[in-house]
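One-letter residues, chain by chain:
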Amino acid sequence: LGHSCSGYAFHVMTEEFDDGRILAQGEVPVVRGETPADLEFRKAKDAADRLGELVDALVSGASGKPQQGMAGYFSRAKWLELSRVSDPSNLTVEEWRRRLDAFLYVDAWVEGRWLRVTAVRRGRRSRPPGFATADGEWLQISAIAFWPTWACGIVPGVLGRGFGSR
């Protein structure tokens, strides 16, 4: 969340988690508004373009370079933790934007029920469903996943996807 790029690495496997020396690596820019699947597809395409570099390293017996920083893994548990919000007022408008961009939805406890929120926009407190944010703004829910199409005429503005949809 909030990163300007996303990377990948081909590395020698060891007994330790995310520890082996890097033989080839790369990164692609994160494009605001694209889906996680779009980002992963671009990373896979870029990685495929570097397979020659990887084969050359393997054939030449290159030892690779050591990994920098802490080992990391983005688990399903972490995904669920970040995509489920029991108190929407704990997040800022920017954090809402980042989570919706990253996950396409956020399960949020709003007005006494769980909603799979797919879009929000700045709104007036008089237009439910909505909530106050940590930075004092009011966000109105403008799209909910799996909302039946017949209900879109009943609840104004419940249509669209992404941050700021109408």
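As the structure is a computational prediction, the values presented were derived from the model and not from experiment.

Chemist: Can you tell me about the overall build of the chain, naming the residues and giving the values?
Modeler: When helices and strands are tallied, the chain shows four helices and seven strands. Element order for the chain, N to C, with α for helix and β for strand: β-β-α-α-α-β-α-β-β-β-β. The buried share among the 166 residues of the chain stands at 33%. By sequence separation, contacts in the chain at least 24 residues apart represent 47% of the contacts at least 6 residues apart. Put simply, the chain shows about 10,400 Å² of open surface, and 56% of that area lies on carbon and sulfur atoms.

Chemist: Provide a residue-level description of the environment of Ala57, including the pertinent values.
Modeler: Structurally, Ala57 can be placed in helix 2 (residues 51-60). For Ala57 and Ile22, which are 35 residues apart along the polypeptide, the C-alpha to C-alpha distance reads 9.9 Å. Not counting chain neighbours up to four residues away, the residues in contact with Ala57 comprise Leu23 and Ala62.

Chemist: Please set out the confidence of the model for the chain residue by residue, giving values where relevant.
Modeler: Across the chain, the average pLDDT comes to 82, with 85% of residues at 70 or higher. For residues 152-166, every residue scores under 50 in pLDDT, and the model assigns this stretch 40 contacts once sequence neighbours within four places are set aside.

Chemist: Would you mind going over the pattern of salt bridges in detail, with residue names and values included?
Modeler: A complete count under the given rule lists twelve salt bridges for this structure. In this structure, Arg32 engages Asp101 in a salt bridge whose closest nitrogen and oxygen atoms are separated by 3.9 Å. One end of the pair, Arg32, is in the loop between strand 2 (22-29) and helix 1 (36-49); the other, Asp101, is in helix 4 (residues 93-103), with 69 residues separating them in the sequence. According to the relative accessible area criterion, Arg32 is exposed, its value standing at 59%.

Chemist: Before we move on, can you summarise the sheet that holds strand 7 (residues 138-144) with the specific residues and values?
Modeler: On the basis of which strands lie adjacent, the open sheet formed by five strands has the order 3-4-5-7-6 and mixed pairing. Edge positions in the open sheet fall to strand 3 (84-85) and strand 6 (130-132), since each of these has one partner strand only. Relative to strand 4 (residues 106-110), strand 3 is paired through two bridges, and the arrangement is parallel. Residue pairing in the sheet places Arg84 in a bridge with Asp107 of strand 4. The sheet strands contacting helix 4 are strand 3, strand 4, strand 5 (113-122), strand 6 and strand 7, and the helix crosses strand 5 at an angle near 110°.

Chemist: Describe the packing of aromatic side chains, listing the residues and the values that go with them.
Modeler: Throughout the structure, instances matching the rule amount to four aromatic pairs. Their ring planes at 75° and their centres at 6.2 Å tell us that Tyr8 and Phe10 sit as a pair that is edge-to-face. Judged by relative accessible area, Tyr8 falls into the buried class, the value being 14%. Residue Phe10 is classed as partly exposed on the basis of its relative accessible area, which comes to 23%. Just above the ring of Trp114 sits the side chain of Arg84; from NZ or CZ to the centre is 3.7 Å. In this arrangement the basic side chain of Arg116 is found over the ring face of Tyr105, its NZ or CZ atom lying 4.0 Å from the centre.

Chemist: Please provide a residue-by-residue account of the nonpolar core, values included.
Modeler: If you look at the biggest cluster of nonpolar residues, it comprises 15 residues, and the most contacted ones within it are Trp96, Val117, Val120, Phe131 and Ile141. At the level of elements, helix 4, strand 4, strand 5 and strand 7 are the ones that each hand at least two residues to this core.

Chemist: Outline helix 4, supporting the account with residue identities and numerical values.
Modeler: Among the eleven residues that make up helix 4, eight are buried, leaving the element largely enclosed by the rest of the structure. Burial in helix 4 covers these residues: Val93, Glu95, Trp96, Arg97, Arg99, Leu100, Asp101 and Phe103. Once helix 4 finishes, Leu104 follows within two positions and takes phi at roughly 75°, a positive value.

Parameters at a glance
- Residues numbered from 1 in each chain as written.
- Predicted model: local features only at pLDDT ≥ 70, side-chain atom pairs only at ≥ 80, totals over all residues.
- Heavy atoms only, no water.
- Helix = DSSP H or I, 4+ residues; strand = E, 2+ residues; numbered from the N terminus.
- Buried < 20%, exposed > 50% of the residue type's maximum accessible area, 1.4 Å probe, protein only.
- Contact = heavy atoms within 4.5 Å.
- Areas by Shrake-Rupley, 256 points an atom, 1.4 Å probe, with all protein chains shown as cover.
- pLDDT = per-residue confidence, 0-100.
- Salt bridge = Lys/Arg side-chain N within 4 Å of Asp/Glu carboxyl O.
- Pairing = 2+ DSSP bridges.
- Axes fitted to C-alpha atoms, helices over the stretch in contact; angles between N-to-C directions.
- Phe/Tyr/Trp six-rings, centres within 6.5 Å; stacked < 30°, edge-to-face > 60°.
- Lys NZ or Arg CZ within 6 Å of the ring centre and 35° of its normal.
- Core = buried A, V, L, I, M, F, W, Y, C linked by side-chain atoms within 4.5 Å.

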